Amino acid sequence: MRPHSRFRPGPDGDEDSVTSCEDKAADKRRRILDAAEQVFARLGFYEAKVADVAKGAGVADGTIYLYFKNKDDLLISLFENRMQHFVADLGERLAQCQNAREKLSAYIRFHMALAETAPDFLAVITLELRQSATFMKEYENPQFKRVLALLHELFCQGEDEGLFRLEGSPTVWARSLFGMVDETTRELVVMGLRGRSLEQLADELTGIFLYGIGKAPETTKTGRKAKVFASEKKRT
C-alpha cells in the first residue's frame, strides 16, 4: 500500500491535511526516484543497495519499501516515470515536423540528446535495465510500446508521402531505428564521444536510414544529401 492511501478525511472532513500528506508522500517518492537514478548510474544496478538509494534520498532504509516492493520494482518504477516524460516530449517534438523525413531526423536527435540532457537516465536505460531479470522477463514495457507506436506511425506516414520505400513491416523498421539509436547511445555511455559531436553522429544515423549503406545519388557538400540535412537542422 502506498503511503498516501493511508490518509483519509477525518470526521470534520480535513481535506487540506490529506492533500498536504499526499503532497509530502509524492515529494518523498520523487526524491527516492531521483536518488535511484543517480545511484544506479554511478554504482550499477547489481552493485547498488537499497541503503545507498535511501541515503541519497535522505530517508530511512525502510521507507523505500513503503513505496516500492524491492530494488527491481524501484528500477522499473524509475523507468516508467522517466519514459512517460520522454514519450510525451517526443510526441510534441514530432508534431512540430512537416513530414516524415523531418520526424526521423528529429527522433534521432531527440533520443541522442539524452547523452547531454539526462546522462544518468541514459545510463540506466542502456545498461542497467538489462541487469534486472524481472524487467527483462516479466515486465510488459508499455512505455517502450508507445515509442514504437510513434515510430511505426512515422514510417507509415513516410510511405504515404512517398518519402520512404518500405520493404517489409513498419514495425520492423521502427524496432530497427530504435535499436540503432539505442546501441549508439549505449556506446556513448561507455566510451564517450571520442572527439565526435552528437550532431555528427545524428547526421550519420539519419543518413544510414535515409540512404542505407549504398552510395547516395549526391554526397557532395552541395548535393541533395547535404541539403536535406541542412533543411532538417533548421527545423530541429
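Residues numbered from 1 in each chain as written. Predicted model: local features only at pLDDT ≥ 70, side-chain atom pairs only at ≥ 80, totals over all residues. Heavy atoms only, no water.

Description of the environment of Arg29
In this fold, Arg29 is placed in helix H1 (residues 15-43). For the pair formed by Arg29 and Thr63, sequence separation is 34 residues and the distance between their alpha carbons is 9.6 Å. (Helix = DSSP H or I, 4+ residues; strand = E, 2+ residues; numbered from the N terminus.)

Some details on the pattern of salt bridges
Pairing is possible between side chains that carry opposite charge, provided their charged atoms lie close to one another. Throughout the structure, instances matching the rule amount to ten salt bridges. Here Arg82 and Glu37 are joined by a salt bridge, their closest N and O atoms 3.0 Å apart. On the criterion of sequence distance, the pair formed by Arg82 in helix H4 (residues 71-95) and Glu37 in helix H1 is long-range, its members being 45 residues apart. Neither residue differs from the other here; Arg82 and Glu37 are each classed as buried. Across the pair Glu187 and Arg194 runs a salt bridge whose closest N-O atoms are separated by 2.2 Å. By relative accessible area, which is 27% here, Glu187 ends up partly exposed. (Salt bridge = Lys/Arg side-chain N within 4 Å of Asp/Glu carboxyl O. Buried < 20%, exposed > 50% of the residue type's maximum accessible area, 1.4 Å probe, protein only.)

Considering the nonpolar core
Core analysis: the biggest nonpolar cluster contains 61 residues, and Phe40 and Leu177 have the highest contact counts within it. Looking at this core, the element that brings in the most residues is H4, giving ten residues. If sequence neighbours within four positions are ignored, Phe40 has contacts with Phe45, Ala48, Val53, Lys71, Leu74, Leu75, Leu78, Val124 and Glu128. (Core = buried A, V, L, I, M, F, W, Y, C linked by side-chain atoms within 4.5 Å. Contact = heavy atoms within 4.5 Å.)

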